[in-house]
Amino acid sequence: MEYAISSESMRLSDENTIKKYGVSAIALMERAAHAIFNVIVNGNYNKIVVVCGSGNNGGDGYALALQLLDMHKNVKVFGKIPKTDAAKHYYDILVNKYKNSYSEISALKDIENYDLVVDCLLGIGIKGDLSKEYINYINIINTGKFIISCDIASGLNSDNGLISPVAVKADLTIAIQSYKTGHFLLDGKDYCGKLQLCDIGIEIIGEKYYICNDDFVKNSFLPRKNNSHKGSFGRCGIVACSKNFVGAGILATESNVSIMGECTMRVGSGYSYLFVPDKMISQLWGRVTHSCVYGHSELKNHKLDSIAFGMGIGENNKLFDTICNYNCLKVIDADGLNMLSKNMSKIEKLKGSVLTPHVMEFSRLAKIDIENILINPIEIAKSFAKKYNVILLLKGSTTIVTDGDKTCLNISGNSGLAKGGSGDVLSGIIAGLLAQKIKPFNAALVASYIAGITAENLSKTNSVYSILPLDIAKEVGNTLSKIIL
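1. Let's talk about the overall build of the protein
Part 1 of the reasoning: If you tally the helices and strands in the protein, you get 18 helices and 19 strands.
Part 2 of the reasoning: Taken over C-alpha atoms, the radius of gyration comes to 26 Å for the protein, in line with the 23 Å a tight globule of 485 residues would show.
Part 3 of the reasoning: Pairs at least 24 residues apart make up 69% of the contacts formed inside the protein by residues separated by at least 6 positions.
Part 4 of the reasoning: With an accessible surface of roughly 20700 Å², the protein has 51% of that area assigned to carbon and sulfur atoms.
Part 5 of the reasoning: When the 51 basic and 46 acidic side-chain charges of the protein are each reduced to a single mean position, those positions are 6 Å apart.

2. With respect to the sheet that holds strand β19 (residues 407-410)
Part 1 of the reasoning: Strand order in the open sheet formed by 12 strands is β8-β1-β10-β19-β18-β17-β16-β15-β14-β11-β12-β13, with mixed pairing between adjacent strands. Every other strand in the sheet has two partners, leaving β8 (179-180) and β13 (292-295) as the edge strands with one partner each.
Part 2 of the reasoning: Bridge count between strand β17 (residues 391-394) and strand β18 (residues 399-402): three bridges; the pairing is antiparallel. If you follow L392 over to β18, its bridge partner there is T402.

3. Remarks on the packing of aromatic side chains
Part 1 of the reasoning: Following the criterion strictly, the structure yields 14 aromatic pairs and no others.
Part 2 of the reasoning: A ring pair is formed by Y271 and Y273, whose centres lie 5.8 Å apart and whose planes are at 25°; its orientation type is stacked. Comparing Y271 with Y273, the two get one shared label, buried.
Part 3 of the reasoning: These aromatic residues form a ring-pair network of at least three members: Y271, Y273, F275 and Y294.
Part 4 of the reasoning: Seen from the ring of Y114, K47 lies directly overhead, with NZ or CZ sitting 4.8 Å from the centre.
Part 5 of the reasoning: Directly above the aromatic system of F233 lies the positively charged group of R224, at a separation of 3.5 Å from the ring centroid.

4. With respect to the sheet that holds strand β3 (residues 74-79)
Part 1 of the reasoning: With parallel pairing, seven strands are arranged side by side in an open sheet as β4-β3-β2-β5-β6-β7-β9. The sheet is open, and its two edges are formed by β4 (102-104) and β9 (194-198), each paired on a single side. With direction set aside, neighbouring strand axes in the sheet form an average angle of 20°.
Part 2 of the reasoning: Direction of pairing for strand β7 (residues 172-176) relative to β9: parallel, over a ladder of five bridges. Opposite L172, over in β9, you have K194 as the bridge partner.

5. Examining the state of the cysteines
Part 1 of the reasoning: Here the structure, examined in full by the defined rule, presents zero disulfides.
Part 2 of the reasoning: C192 forms no disulfide, and the closest cysteine sulfur to it belongs to C150, at a distance of 12 Å.

6. Some thoughts on helix α18 (residues 469-484)
Part 1 of the reasoning: An ideal rise of 1.5 Å per residue puts 22 Å on 16 residues; α18 measures up with 23 Å between its terminal C-alpha atoms.
Part 2 of the reasoning: Bending of α18 peaks at approximately 45° at the position of E475.
Part 3 of the reasoning: Those residues of α18 lying buried are P469, I472, A473, V476, G477, T479, L480 and I483.

7. Focus: the pairing of strand β11 (residues 235-239)
Part 1 of the reasoning: Here β11 lies mainly inside the structure; four of its five residues are buried.
Part 2 of the reasoning: Across five bridges, β11 lies against strand β12 (residues 271-276) in parallel orientation. Residue pairing for β12: R235 is matched across the bridge by Y271.
Part 3 of the reasoning: Note that β11 and strand β14 (residues 306-309) share four bridges and pair parallel.

8. Digging into the environment of S131
Part 1 of the reasoning: Its location among the elements puts S131 in the loop between β5 (116-120) and α5 (132-141).
Part 2 of the reasoning: Sequence separation of S131 and S6 is 125 residues, and the distance between their C-alpha atoms is 24 Å.

9. A word on the packing of helix α13 (residues 359-366) against helix α15 (residues 377-388)
Part 1 of the reasoning: Look at α13 against α15: their axes get within 12 Å of each other, and the N-to-C directions meet at 50°. With respect to α15, the axis of α13 lies oblique. Along this stretch, α13 crosses α15, giving a crossing that reads as left-handed. Counting all contacts with α13, which are made through F362, L365 and A366, the residues of α15 involved are I380, A381 and F384.

10. Thoughts on the side chain of S103
Part 1 of the reasoning: Along the chain, the position of S103 falls in strand β4.
Part 2 of the reasoning: Assessed through its relative accessible area of 18%, S103 is described here as buried.

11. Quick word on the pattern of salt bridges
Part 1 of the reasoning: As enumerated under the stated definition, the model contains 17 salt bridges in all.
Part 2 of the reasoning: In this structure, K342 and E315 form a salt bridge, with 3.1 Å as the shortest nitrogen-oxygen distance. Here the residue K342 occupies a position in helix α12 (residues 335-342), and E315 occupies one in the loop between β14 and α11 (317-325), the gap between them amounting to 27 residues. Pair check on accessibility: K342 and E315 agree, each one exposed.
Part 3 of the reasoning: Of the charged contacts, one joins E348 and K351 as a salt bridge, the two residues approaching to 3.5 Å between their closest N and O atoms.
Part 4 of the reasoning: Salt bridges linked by common partners bring E8, R11 and E15 together as one network.

12. A closer look at the confidence of the model for the protein
Part 1 of the reasoning: Per-residue pLDDT for the protein has a mean of 93; in total, 95% of the residues score no lower than 70.
Part 2 of the reasoning: The model gives residues 252-261 a pLDDT under 50, and that stretch makes 41 contacts with residues more than four places away or in other chains.

13. Concerning the packing of α12 against α13
Part 1 of the reasoning: Where α12 meets α13, the axes come as close as 8 Å, and the angle between the chain directions of the two elements is 25°. In terms of orientation, α12 lies roughly parallel with respect to α13. When the axes of α12 and α13 are compared, the crossing they make is left-handed. Here L337, N338, L340 and S341 of α12 lie close against α13, whose contacting residues are E361, R364 and L365.
Part 2 of the reasoning: Looking at the contact of α12 with α13, its residues break down into three nonpolar, two polar and two charged.

Definitions and limits used
Residues numbered from 1 in each chain as written. Predicted model: local features only at pLDDT ≥ 70, side-chain atom pairs only at ≥ 80, totals over all residues. Heavy atoms only, no water. Helix = DSSP H or I, 4+ residues; strand = E, 2+ residues; numbered from the N terminus. Rg over C-alpha atoms; globule rule 2.2 N^0.38 Å. Contact = heavy atoms within 4.5 Å. Areas by Shrake-Rupley, 256 points an atom, 1.4 Å probe, with all protein chains shown as cover. Lys, Arg positive; Asp, Glu negative; His and termini not counted. Charge placed at Lys NZ, Arg CZ, Asp CG, Glu CD. Pairing = 2+ DSSP bridges. Phe/Tyr/Trp six-rings, centres within 6.5 Å; stacked < 30°, edge-to-face > 60°. Buried < 20%, exposed > 50% of the residue type's maximum accessible area, 1.4 Å probe, protein only. Lys NZ or Arg CZ within 6 Å of the ring centre and 35° of its normal. Axes fitted to C-alpha atoms, helices over the stretch in contact; angles between N-to-C directions. Disulfide = S-S within 2.5 Å. Expected span 1.5 Å × (residues − 1). Bend = angle between axes of the 7 residues up to and from the residue. Parallel < 35°, antiparallel > 145°, perpendicular 65-115°, else oblique. Left-handed = near helix turned anticlockwise from the far one by under 90°. Salt bridge = Lys/Arg side-chain N within 4 Å of Asp/Glu carboxyl O. pLDDT = per-residue confidence, 0-100. Nonpolar A, V, L, I, M, F, W, Y, C, P; charged D, E, K, R; others polar.

Below you can see the structure in the form of structure tokens.
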């Protein structure tokens, strides 16, 4: 599996590689520059601008410009005087060898006529808001026809993906040695453009946040015996709806447009039970064909292997207490999370459960301001999961899944998922996987990945504006089939 790391891990990995293997910072800079050089020379760029800052990211730019100029490319460099010895090495060579190709960065302007702008202004070490000077440079860079950023788009925080307050909007970002978490979190996907990874021989140390892929999904499913029956694959319960919310419960189970089967069963569970307010049972007759439909009052009469709870429930603490005391694997979402946030003592009975908050819901649970969570989402999510012994699935443009010890990222998906009801479908998928005794961490990550890939597949034939949660529910079976066959 591919992975992403923090800026601190990258800094330590650089230092370790230099000390352990005797590779100089100058040599690493040349390797990074050559990786970008290989991309550029394979493209159709006649006029190139390279914008260099004063750090090592700028040094990569100076080394790159030298390689391009040595190949007789039409290159103009706008830069700052370097602050590091390695960067200064290439800066000195450039200004002596190609003096007419270099200008102080203060002269940066009118770059619209260049075919390519290479952004080497700021690297992965930036913290806090940028000065007006750098904001101006970034705004000018963003007027370029095509922009390649070295390692990360300048102005984007490499740990949390926040812009500060502007960032280069790259068409392509070439990640040096490893993806950074900021490539994927929050604004990262919108500003990095297409991502390309280059290996320059740095040994990565520190924690790696692995990125879910097809192989993880395949390995999470247990082999199925022919000598089996529906009870072999678990009984999944969807406990949903108040008298004001029928739709959410249906969305969590509907899957196929023709037979309206449940997405819990489309991902493999043997039974699907939909529990709704007793007075609503008649409203679902003829609408749900593959789920068994019961009232909330009958929940205690069934032995379930998993439960998804909270979708459209409203404030129903008595039912929540029943769920907390029920002996099975659970997914808590939506109103279930809101009730939990008002009485965190109940989380003691939810150990090992999957909680699926978006950042506002997580703020209520963790009693931490949203702004502070966004600054450090991975570490705060890890700390919460470890403290309460739960699996936390923190929804976002990239989903963070953690049990406090291991943390993975799901980068699949698109804005088509940003619709009311998408979380209900996700909870149904997780519960369907839990019913089959798939480990809760794996179930959460696999479900998020499947939903994301389904949205991506749907966007090939539907606009992201028009994708509905019901569309996701109908297609999850096809997505899973393509992955595990």
